[in-house]
There are 2 protein chains.
Amino acid sequence: MTHDMVRPGGRTARVREAVLRAAGDLLAEGGLDHLDLGEVARRAEVGRTTVYRRWGTPAVLVADLLAEMAETSLPRTETGSLLGDLTANARLVQRTLADPRQGALFKALIAAATCDARTAEALHRFYEIRIDEWAPCVAAAVERGELPAGTDAREVVRAVSAPLYYRLLASGDPVDEAAADRAARAAVAAATAGAYGPTRC
Amino acid sequence: MTHDMVRPGGRTARVREAVLRAAGDLLAEGGLDHLDLGEVARRAEVGRTTVYRRWGTPAVLVADLLAEMAETSLPRTETGSLLGDLTANARLVQRTLADPRQGALFKALIAAATCDARTAEALHRFYEIRIDEWAPCVAAAVERGELPAGTDAREVVRAVSAPLYYRLLASGDPVDEAAADRAARAAVAAATAGAYGPTRC
DNA sequence: CGACTAATGGAACTGGAGTACCGTTATGAC
DNA sequence: GTCATAACGGTACTCCAGTTCCATTAGTCG
């Protein structure tokens, strides 16, 4: 078979880009249940049939969007101290979640993940990647002797984000800079006290 | 007008109870996007028309379910030490989120809250009530001198739940007892270090 | 450049969610 | 018990999300 292959070329990629952007916009504007595939097609200036054929369901579309987002990584700043690094991380997350568009988008992504197993997997992979990007800060702090040996670096990074997501999704309290700074301070204090160390008998 | 009044009597209440139970079951089984009002009516053995007239949309139904859940409060244990109390709280939350039915239900409730403002308000009220129920533990610890004066009791309680919800919704890591105990220990350590105290200059 | 075909896009079709209408049931006042 | 009416429930209808079908476009290879 000479011509039996996939075509990753120009048009297909262009369509995907336009559709994912439209999907992100719609999720940010109206939340998960306003993600109508017909509307996505209209916004992306793409045939309705194409969207239904390539993605089929909102869940699959969101999963694809998450895969795309996972590939684009953000630059990480290095301040030299653990508190500085984690505060930088906390503020980055805080700015993202507090931003009207991005915050609404993340809410919708998480909502979509609760409805579909594959979407959930894509979401978990996204956070796994983001956590891995920041874990070295904590590992370095362990090396410097700021934290007890055996500290679970990834768990410390998760501990910084958790309170901010809790505010965004559950309590509804504002995700402001004060909350970010407190999350970073709390994570450092807990880690210093060995709360993320190896489980003792 | 002699007969111009609402009727909170038997049948209406019975219908509401049956519908809310069916809604909870469906949310737990299939997530938010399987919450079909027609299916709810069938399960509750209630006329389809009734469900559409009284609630109209899944979001409103979920909001009503949350209002119902907010009214039923859970007993709180008192262990005498802050770590003991917060560990009890963490394990209660952990058991709830790890339970197949309850965990799926909470995921769906949070997903629903991201799609509708009134539902979100109902969810926030629910957590506000739950947090208020446990805040006295922390306040007592401040009284006993275990924590610095000025510690935000409600924020400490939120800090216990946050990592568990983060696992449930974002990272996908297991919500197990070890995670619960770690969350409680971390919250105590951070609070002891003054991370939830009044903001300094 | 020209052939081949993967991928797109328009148009017509279909099924079921949501609505409207109206008769029936049961609650509460007297 | 009797009456008035709030609330329920069955049936028929509407409308649009999702599908199917086929013509058209545009990447890829020789």
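Residues numbered from 1 in each chain as written. Chains lettered and ligands numbered in written order. Predicted model: local features only at pLDDT ≥ 70, side-chain atom pairs only at ≥ 80, totals over all residues. Heavy atoms only, no water.

### Here we look at the domain arrangement of chain A
Residues and elements named next belong to chain A. Formally: For every domain, the bounds stem from an assignment made automatically or drawn from a database. Two residues qualify as a contact provided that any one of their heavy atoms is within 4.5 Å of a heavy atom in the partner residue. Defined here as a combined quantity, buried area equals the accessible surface (1.4 Å probe) lost by two parts on assembly, summed across both. Salt bridges are identified by distance alone: a Lys or Arg side-chain nitrogen within 4 Å of an Asp or Glu carboxyl oxygen. For the purposes of these results, a polar contact is taken to be a pair of N or O atoms within 3.5 Å, where, inside protein, one atom must be able to donate a hydrogen and its partner to accept one; residues adjacent in sequence count only when each atom of the pair is a side-chain atom. Strands here are runs of E lasting at least two residues and helices are runs of H or I lasting at least four, both read from the DSSP assignment and numbered beginning at the N terminus. Basically, the charged four are Asp, Glu, Lys and Arg, the nonpolar ten are Ala, Val, Leu, Ile, Met, Phe, Trp, Tyr, Cys and Pro, and anything else, Gly included, counts as polar.
Each assigned domain of chain A is listed with its residue range as follows: domain 1 (3-69) and domain 2 (73-192). Computed from C-alpha atoms alone, the centre-to-centre distance between domain 1 and domain 2 is 28 Å. If you look at the interface, domain 1 gives 13 residues, while domain 2 gives 16 residues. Where domain 1 abuts domain 2, roughly 1,200 Å² becomes buried across the two surfaces, and 78% of that area is made up of carbon and sulfur atoms. Note that Asp-25 and Arg-101 form a salt bridge whose closest N and O atoms lie 2.4 Å from each other. Applying the counting criterion to the domain 1 and domain 2 interface returns two residue pairs in polar contact (both at pLDDT 80 or more). Of all elements in the fold, only helix H1 (10-30) and helix H4 (58-71) reach the threshold of two or more residues within the side of domain 1 that touches domain 2. Ranked by residue count, the leading element in the side of domain 1 that touches domain 2 is H4, at seven residues. Per-class residue counts for the side of domain 1 that touches domain 2 are ten nonpolar, two polar and one charged.

### Considering the pattern of salt bridges
A full pass over the atoms with the stated rule returns 32 salt bridges over all chains. For Glu-177 of chain A, the salt bridge identified is with Arg-91 of chain A, shortest N-O distance 3.9 Å. Taken together, the residues Glu-177 of chain A in helix H9 (residues 177-192) and Arg-91 of chain A in helix H5 (residues 82-98) connect sequence positions 86 residues apart. Note that Glu-39 of chain B is salt-bridged to Arg-43 of chain B, the shortest N-O span being 3.6 Å. Of the two residues, Glu-39 of chain B and Arg-43 of chain B both sit in helix H2 (residues 37-44), four residues apart, roughly one turn of that helix.

### Points about the interface of chain B and chain A
Between chain B and chain A, the residue contacts involve 34 residues of the former and 34 residues of the latter. Buried surface at the junction of chain B and chain A, both sides included, amounts to about 3,100 Å², of which 63% is carbon and sulfur. Our count for the contact surface shared by chain B and chain A stands at six salt bridges. Between Glu-155 of chain A and Arg-167 of chain B there is a salt bridge, with the nearest N and O atoms lying 3.3 Å from each other. Between chain B and chain A we count six residue pairs in polar contact (both at pLDDT 80 or more) in total. Tallying contributions element by element places helix H8 (residues 153-171) of chain B first for the side of chain B that touches chain A, with eleven residues. Residue composition of the side of chain B that touches chain A, by class: 19 nonpolar, six polar and nine charged.

### So, the relation of the copies chain B and chain A
Just so we agree on the cut-off: Copy-to-copy alignment: least squares on C-alpha atoms, limited to residues at pLDDT 70 or above in both.
In screw terms, the move from chain B to chain A is a rotation of 180° and a rise of 0.0 Å along the axis, fitting with an RMSD of 0.0 Å. This pairing of chains is accounted for by a two-fold axis. Closest approach to the rotation axis among the C-alpha atoms of chain B is made by Ala-111 of chain B, whose C-alpha sits 2.1 Å away. Comparing contact sets, 100% of the residues at the interface of chain B also lie at the interface in chain A, consistent with an isologous, same-surface contact.

### Comments concerning the side chain of Asp-85 of chain B
Put simply, the test is: Here the term buried applies to any residue with accessible area under 20% of the maximum for its type, exposed to any over 50%, and partly exposed to those in between, with areas from a 1.4 Å probe on protein chains only. His is not counted here, nor are the chain ends, while Lys and Arg score as positive and Asp and Glu score as negative.
With respect to the secondary-structure elements, Asp-85 of chain B resides in helix H5 (residues 82-98). This buried residue, Asp-85 of chain B, is left without a salt bridge; Arg-144 of chain B holds the nearest opposite charge, at 5.1 Å.

### Structural notes on the UniProt feature "DNA-binding region" (unreviewed entry) in chain A
Here is the rule: UniProt positions are given in the numbering used here, feature names are shortened, and annotations may be inferred rather than shown by experiment.
Residues annotated in UniProt with the feature "DNA-binding region" (unreviewed entry) correspond here to residues 36-55 of chain A. Helix makes up 75% of residues 36-55 of chain A and strand 0%, whereas the separation of the span's terminal C-alpha atoms amounts to 12 Å.

### Comments concerning the packing of helix H1 (residues 10-30) of chain B against H2 of chain B
Residue and element names in this part refer to chain B. Short version of the rule: The axes used here are C-alpha line fits, helices contributing only the stretch in contact, and every angle between their N-to-C directions lies in the interval 0 to 180 degrees. An angle counts as roughly parallel when it lies under 35 degrees, as roughly antiparallel when it exceeds 145, as roughly perpendicular when it falls between 65 and 115, and as oblique in every other case. Note on convention: the crossing is left-handed when the near helix lies turned anticlockwise from the far helix by less than a right angle, right-handed when the turn is clockwise.
Taken N-terminus to C-terminus, the directions of H1 and H2 make an angle of 120°; their axes are 8 Å apart at the nearest point. Classified by the angle between their axes, H1 and H2 sit oblique to one another. Helix-helix and strand crossings are classified by hand; for H1 and H2 the assignment is right-handed. Across from Ala-18, Val-19, Ala-22, Ala-23, Asp-25, Leu-26 and Glu-29 in H1, the residues of H2 making contact are Glu-39, Val-40, Arg-43 and Ala-44.

### Focus: the side chain of Arg-158 of chain A
Mapped onto the elements, Arg-158 of chain A comes out in helix H8 (residues 153-171). The class for Arg-158 of chain A is buried, based on a relative accessible area of 10%. Every residue in contact with Arg-158 of chain A, bar those within four places of it in the chain, is listed here: Ile-131 of chain A together with Tyr-166, Ser-171 and Asp-173 of chain B.

### As for the packing of aromatic side chains
This is how it is decided: The aromatic pairing rule takes the rings of Phe, Tyr and Trp, using the six-membered ring of Trp, and pairs them if the centres are within 6.5 Å, calling planes under 30 degrees apart stacked, those over 60 edge-to-face and the rest tilted.
For the coordinates displayed, the defined rule picks out ten aromatic pairs over all chains. Pairing Tyr-166 of chain A with Tyr-127 of chain B gives two aromatic rings, centres 6.1 Å apart and planes at 65°, and the pair type is edge-to-face. Taken together, the residues Tyr-166 of chain A in helix H8 and Tyr-127 of chain B in helix H7 (residues 117-144) connect one chain to another. Judged on exposure class, the residue Tyr-166 of chain A and its partner Tyr-127 of chain B are both buried.

### What about the environment of Thr-87 of chain B?
Residues and elements named next belong to chain B. Note that Thr-87 resides in helix H5. Residue class for Thr-87 comes out buried when judged on its relative accessible area of 16%. Between the alpha carbons of Thr-87 and Leu-61 there is a distance of 33 Å; along the sequence they are 26 residues apart. Dropping the residues within four chain positions of it, Thr-87 is found in contact with Asp-181 and Ala-184.

### Some points on the packing of H7 of chain B against H8 of chain B
All names here are of chain B. Contact pair H7 / H8: the axes reach a minimum separation of 7 Å and the direction vectors enclose 120°. The orientation of H7 with respect to H8, classified from their angle, is oblique. Between H7 and H8 lies a crossing of right-handed hand. Contacts between H7 and H8 involve Tyr-127, Glu-128, Ile-131, Asp-132, Trp-134, Ala-135, Val-138 and Ala-139 from the former and Ala-153, Arg-154, Val-156, Val-157, Arg-158 and Tyr-165 from the latter. Across the contact of H7 with H8, the residue classes tally to ten nonpolar, no polar and four charged.

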